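So you can see what is in the structure, the chains are spelled out below.
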Amino acid sequence: MQTQTIIASLMSSHFQTTPLRQIFLVACGGSLVDMYPSHYFLSEQSDILRSWMMTANEFVYATPKALGASSLVIVCSHGGNTPESVAAAKLAKARGAATVTLTHNAEAQLLQWADHNLLYQWGDDTPVTDNPMALILSLCVDVLRQVEDYAGWQDFQQGFTQIDAVIRQGRTQVADRCTDFADRYQHDSLFYVLSSGASYGHAYGFAICSLMEMQRVDAASIHSGEFFHGPFEVTDNHVPFILLMNEGRTRELDQRALSFLNRYNDKTVVVDARELGLNALPASVVDYFNPVLFYSIMCDYRAALADIRQHPLSTRRYMGVVDY
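From a predicted model like this one, the values you see are computed outputs, not experimental measurements.

Account for the sheet that holds strand β6 (residues 190–195), with residues named and values stated.
In spatial order, the strands read β7-β6-β8-β9; together these four strands make up an open sheet with parallel pairing. Where the open sheet ends on each side, the last strands, each with one partner, are β7 (218–223) and β9 (268–272). Neighbour-to-neighbour, the strand axes of this sheet turn through a mean angle of 20°, independent of strand direction. The pairing of β6 with β7 spans six bridges and is parallel. Paired with F191 across the strands is A219, a residue of β7. Sheet strands in contact with helix α7 (residues 153–185) are β6, β8 (241–245) and β9, and its direction is about 160° off that of β9. Where helix α9 (residues 251–264) meets the sheet, its contacts fall on β6, β7, β8 and β9, and the angle it forms with β8 comes to roughly 150°.

Here is the structure:
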């Protein structure tokens, strides 16, 4: 894979004399959401590396002291010209860090500050393994293999070969459910989105991007493990809950939330990674593929909602329209 070549190159050049010790995952909005599984993975599996995940403007204005020659900074921007992300990559280079950027735009400003760039494809027919979330995860898995001889590397490679087929089948399974979801909830103006583990980032992303940004409806993300420490007090039969139910070690957290919602809420939408076939992947790495699956599946849910509400996913009233 291309990610292996990039990491091997950096390890034999930039990090040959100054060992890699920090990985900064920097982006904005949906691109930052794409980085959450990698941050979760590194935080769990690394003994040596310290992982940071920061929104780009905070990275620029509240720059961590550790940023320097021992740092790898991964910056993602779909269009490649997001000012905050470009500024973050520029700062990383100025501080002596190695930079890997990801963008869909071959003419992006971001490329000016990249030691290496991954130019990814985009569209319904593009393999999910060529999308930012999977590419960033692959980069970080390759880093951990190089730095710490990560034992799960081979299982990850198997997972990457399997995930597209699982997603194709999953999208077929949920096609009618998406239609039913849109029909039932088209008039709702508030949603709560729950998940745990590596998928909590996508719960957050679905709330702020798919619902708040793209559909202009109120939404909040809730970690399944935190649900019983405050948020469950708002549970009633008036507000829909969307539960992204993981396969793997944090499934018990999601199951506990579901058991409660089944008692006190009749608007619970469950998207279950196990039922959609994710348990076919190696158990040692399946946790980190949950959000990769959920991203594609939830794109179909949001598209159905947009169609029935006649509110195209591209409609904006502020973003790219006014000065901010």
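On we go from here.
I'd love a proper account of a nonpolar patch on the surface, names of residues and values included.
Together, Y318, M319, V321, V322 and Y324 give the surface a local cluster of nonpolar side chains, amounting to about 580 Å² of exposed area. Assignment of secondary structure puts V321 in the segment after α10 (286–309).

Provide a residue-level description of the pairing of strand β1 (residues 22–27), including the pertinent values.
Counting buried residues in β1 gives six out of six residues, a clear majority hidden from the surface. Of the two faces of β1, the one lined by Q22, F24 and V26 and the one lined by I23, L25 and A27 are each fully buried. Pairing of β1 with strand β3 (residues 71–76), which is carried by five bridges, proceeds in the parallel orientation. Within β3, the residue paired with V26 across the bridge is V75.

Residues and numbers for unusual backbone geometry, please.
Trans peptide bonds make up most of the peptide bonds, and negative phi angles are found at most residues other than glycine. Here R216, not a glycine, exhibits a phi torsion of approximately 55°, which is positive. Within the secondary structure, R216 sits in the loop between α8 (200–213) and β7. Judged by its relative accessible area of 36%, R216 is partly exposed.

A description of the side chain of S77 should follow, citing residues and the corresponding values.
When you line up the elements, S77 lands in the loop between β3 and α5 (83–94). Polar contacts involving the side chain of S77 include one to the side chain of T82, which spans 3.0 Å.

Would you mind going over the layout of surface pockets in detail, with residue names and values included?
Of the pockets and cavities examined, the largest pocket occupies roughly 990 Å³. Together, 35 residues line the largest pocket, and C28, G29, G30, S31 and E213 are the ones closest to its centre. Elements with a minimum of two residues in the lining of the largest pocket: α2 (29–33), α5, α6 (132–148), α8 and α10. Element by element, the count of residues in the lining of the largest pocket is highest for α8, at six residues.

Summarise the sheet that holds strand β4 (residues 98–103); cite the residues concerned and give the values.
Strand order across the open sheet formed by five strands is β2-β1-β3-β4-β5, with parallel pairing between neighbours. Every other strand in the sheet has two partners, leaving β2 (50–55) and β5 (116–119) as the edge strands with one partner each. Recorded for the sheet is a direction-independent mean angle of 15° between the axes of neighbouring strands. Pairing between β1 and β2: six bridges, direction parallel. Note that in β2 the partner of L25 across the bridge is M53. With respect to the sheet, helix α1 (residues 2–12) is in contact with β3, β4 and β5, its orientation differing from that of β5 by roughly 175°. α5 contacts β1, β3 and β4 of the sheet and is inclined by roughly 165° relative to β3.

An account of the pattern of salt bridges is requested, with residue identities and associated values reported.
Note that side chains of opposite charge can pair when their charged atoms are close. Applying the stated criterion to the full structure yields nine salt bridges. Two residues, D115 and K93, come together in a salt bridge whose shortest N-O distance is 2.7 Å. Of this pair, D115 sits in the loop between β4 and β5 while K93 sits in helix α5, and the two are 22 residues apart along the sequence. Classification of D115 as partly exposed rests on a relative accessible area of 32%. A residue is classified by how much of its surface remains accessible, and K93, at 31% relative accessible area, is partly exposed. R177 is paired through a salt bridge with E275; the nearest N and O atoms lie 2.7 Å apart. Here R177, found in helix α7, pairs with E275, found in the loop between β9 and α10; they are 98 residues apart in sequence, far enough to count as distant. A single salt-bridge network, built from bridges that share partners, covers E44, R249 and D287.

Here is what the cut-offs are and how they apply
Residues numbered from 1 in each chain as written. Predicted model: local features only at pLDDT ≥ 70, side-chain atom pairs only at ≥ 80, totals over all residues. Heavy atoms only, no water. Pairing = 2+ DSSP bridges. Helix = DSSP H or I, 4+ residues; strand = E, 2+ residues; numbered from the N terminus. Axes fitted to C-alpha atoms, helices over the stretch in contact; angles between N-to-C directions. Contact = heavy atoms within 4.5 Å. Patch = residues over 30% accessible without salt bridge, like charges linked within 9 Å, V, L, I, M, F, W, Y side chains within 5 Å. Areas by Shrake-Rupley, 256 points an atom, 1.4 Å probe, with all protein chains shown as cover. Salt bridge = Lys/Arg side-chain N within 4 Å of Asp/Glu carboxyl O. Buried < 20%, exposed > 50% of the residue type's maximum accessible area, 1.4 Å probe, protein only. Polar contact = N/O pair within 3.5 Å; in protein donor to acceptor, adjacent residues only side chain to side chain. 1 Å grid on protein atoms, 1.4 Å probe; cavity = no way out; pocket = protein on both sides within 12 Å on 5 of 7 lines; lining within 4 Å. Points joined across faces, edges and corners; volume = space filled by probe spheres on them.

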